[in-house]
Structure formats: C-alpha cells, structure tokens
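Structural description and commentary
As a plain string of letters, each chain reads:
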Amino acid sequence: MLKVRHAQYSSSQSTNFHCITVAVRIRPSEEAVHAASPFGHKKKGRHDSVWQCHRDSNTVVSTEMALPGRPSQFAFDRMLGPELSTNQVFKSWAQLRIDAVRKGRHSTLLTFGPTASGKTHTLQGDEKQEGIIQQAAQHLLSFEYEDAHAELRMQYVEVFKEQVFDLLDADQGNELKVAPGENLIATCHKVKSKEDVC
C-alpha cells in the first residue's frame, strides 16, 4: 500500500521539479467519519486508524504490522494528517505542483491506495468541500497569461487492476488499450471554469 521514499527524492521545500515527491494523506478513522455524519450513526467494530501519523518526522507507523522482519515505519516527503481538509491539502501540498505548470513545467498529481482509502474524495471532493481537481482548475484559470490563445485542457484516467479507463468518456466502461511504447490517448476536455471539471 505504501512505498518507502528514497533519499534521493526531494524534500517538500525543494524547488527541483525533476524528481518525484510523495505525500501521504491519512484518512480519518471510521469513528471520526461517522461522528461528523448528519445521520449520527456508527458502524460496529473497530474504529481506530491502523496508522499513527508523525508530521514532525514525516513518518507513519503501523499499529498492526509490528512483526519481526517486517517494517512498521515508513518515511515520506510530507505527511497530511486526518485533521486536514482537502482545501488545506491543496494549499499546503498540491498548489506548488500546480504553479509549476504555469511556469511551463510538467506536473502530475497521482493518488494511489486501496479501495475506500479516500482517493476519489481527495480528487473530486463532496458537497461540503471541493476536491483537488476543482481547486487546481480555478487556480490555473485565475492567472493572466501572456499568450491570449492559452487554454486549459484536462484528461482524467483511472488505473484499476492493470486496466486504464477514460473517466471523461461518455461511456466510462470503455477500457483504454495501451500498447508498449505508445502514448495514452484519452479524451481531452477543454476547461473554461471550475464547473467544467465537476
């Protein structure tokens, strides 16, 4: 589920965009999620998170993997604890990567994790707060560009069980066939406002 960050990767303060940086967002425990629910119900069973987040050292420690010969602590470039909103995640981590695009650099924000870990919630948001995608679009559209013909386009794909799906295709059931050595061809959607990515 989690990959250990290697030493040659940059820290969160680095301005070198020719490398990979890894941030981990810890989902709130089930107890916290249901406590915040307007319905006020809770699921039976364990509610505590299996991860302890240490933001001062940018590490997470598993409370269930403390076995001989098995790592239980993992280090990353940035820890985003369960107390942070998606808006705070964007401002503290993603916005710097979005600013790189405006400066002519390539930038990719990728979410990775098991089912129900919060990937879609982080990217798309909900009725209470916008996701990274809407905030990124609004941020990019807020700039004044020297080129009057500059436009913003987006592609949105999902990789699931080694299959690639085009999420902007009207028929989302279509799997994209990607041949070795060839570029991925997915729907390219022009964005004029953040509402175009909802």
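Residues numbered from 1 in each chain as written. Predicted model: local features only at pLDDT ≥ 70, side-chain atom pairs only at ≥ 80, totals over all residues. Heavy atoms only, no water.

**Considering the overall build of the chain**
As a reminder, the rule being used: What counts as a helix is a DSSP run of H or I of at least four residues, what counts as a strand is a run of E of at least two, and both are numbered from the N terminus. Contact between two residues is taken to exist if any of their heavy atoms lie within 4.5 Å; hydrogens are not considered. To be clear on the numbers: accessible area is Shrake-Rupley with a 1.4 Å probe, and residue cover counts the displayed protein chains and nothing else.
A tally of helices and strands in the chain yields four helices and 10 strands. Reading the secondary structure of the chain in the N-to-C direction produces β-α-β-β-β-β-α-α-α-β-β-β-β-β. For the chain, contacts bridging at least 24 residues in sequence account for 48% of all contacts bridging at least 6. Carbon and sulfur atoms make up 51% of the accessible area of the chain, which amounts to about 13900 Å² in all.

**Focus: helix α2 (residues 86-102)**
Formally: To get the bend at any residue, fit one axis to the seven residues that end at it and another to the seven that begin at it, then take the angle between the two axes. Remark: exposure states derive from per-residue accessible area (1.4 Å probe, protein chains only) relative to the maximum for the residue type, with buried under 20%, exposed over 50%, and partly exposed in between.
In the structure, α2 departs most strongly from a straight axis at A94, where the bend amounts to approximately 55°. Among all positions in α2, only T86, V89, F90, W93, A94, R97, I98, D99 and A100 are buried. Those residues of α2 that are buried lie in contact with β1 (23-25), β5 (78-80), α3 (119-124) and α4 (132-141).

**Points about the confidence of the model for the chain**
Rules: One confidence number per residue, pLDDT, is output by the predictor and ranges from 0 to 100.
Chain-level pLDDT for the chain is 75 on average; 74% of the residues reach the 70-or-more range. The model gives residues 1-17 a pLDDT under 50, and that stretch makes 29 contacts with residues more than four places away or in other chains. Considering only residues more than four positions removed or in separate chains, one finds that residues 37-47, a stretch of pLDDT under 50, has 11 contacts.

**Some details on the sheet that holds strand β2 (residues 51-54)**
Rules: Note on pairing: two strands pair once DSSP finds at least 2 bridges between them. Lines are fitted to the C-alpha atoms to define the axes, a helix being fitted only along its stretch in contact, and any angle between axes, read from their N-to-C directions, falls within 0 to 180 degrees.
Pairing within the open sheet is antiparallel, and its three strands lie in the order β2-β3-β4. The open sheet is flanked by β2 and β4 (73-75), the only strands paired with a single partner. The mean inter-strand angle of the sheet, taken between neighbouring strand axes irrespective of direction, is 20°. In the sheet, strand β3 (residues 59-62) pairs with β4 via three bridges, with the strands oriented antiparallel. By the bridge assignment for β4, T59 is matched with A75.

**Points about the nonpolar core**
Short version of the rule: In this text, buried Ala, Val, Leu, Ile, Met, Phe, Trp, Tyr and Cys residues form a nonpolar core when linked through side-chain atoms within 4.5 Å.
Grouped together as the largest cluster of nonpolar side chains are 17 residues, with contacts concentrated most on F90, I132, I133, M154 and V197. Contributing elements (two or more residues each) for this core: α2 and α4. When residues no more than four places from it in sequence are discounted, the contact partners of I133 are L123, M154, Y156 and V197. Ranked by size, the runner-up nonpolar core spans seven residues in total, among them V24, W51, F74 and F76.

**Quick look at the packing of aromatic side chains**
Going by this rule: Any Phe, Tyr or Trp ring, taking Trp's six-membered ring, that has another such ring centre within 6.5 Å forms a pair; planes under 30 degrees apart are called stacked, those over 60 apart edge-to-face, and the others tilted. Only lysine NZ and arginine CZ atoms are considered, and such an atom sits over a ring when it is within 6 Å of the ring centre and within 35 degrees of the ring normal.
Inspection of the entire model under this criterion finds zero aromatic pairs. Sitting over the face of the ring of W93, R97 holds its NZ or CZ atom 3.8 Å from the ring centroid.

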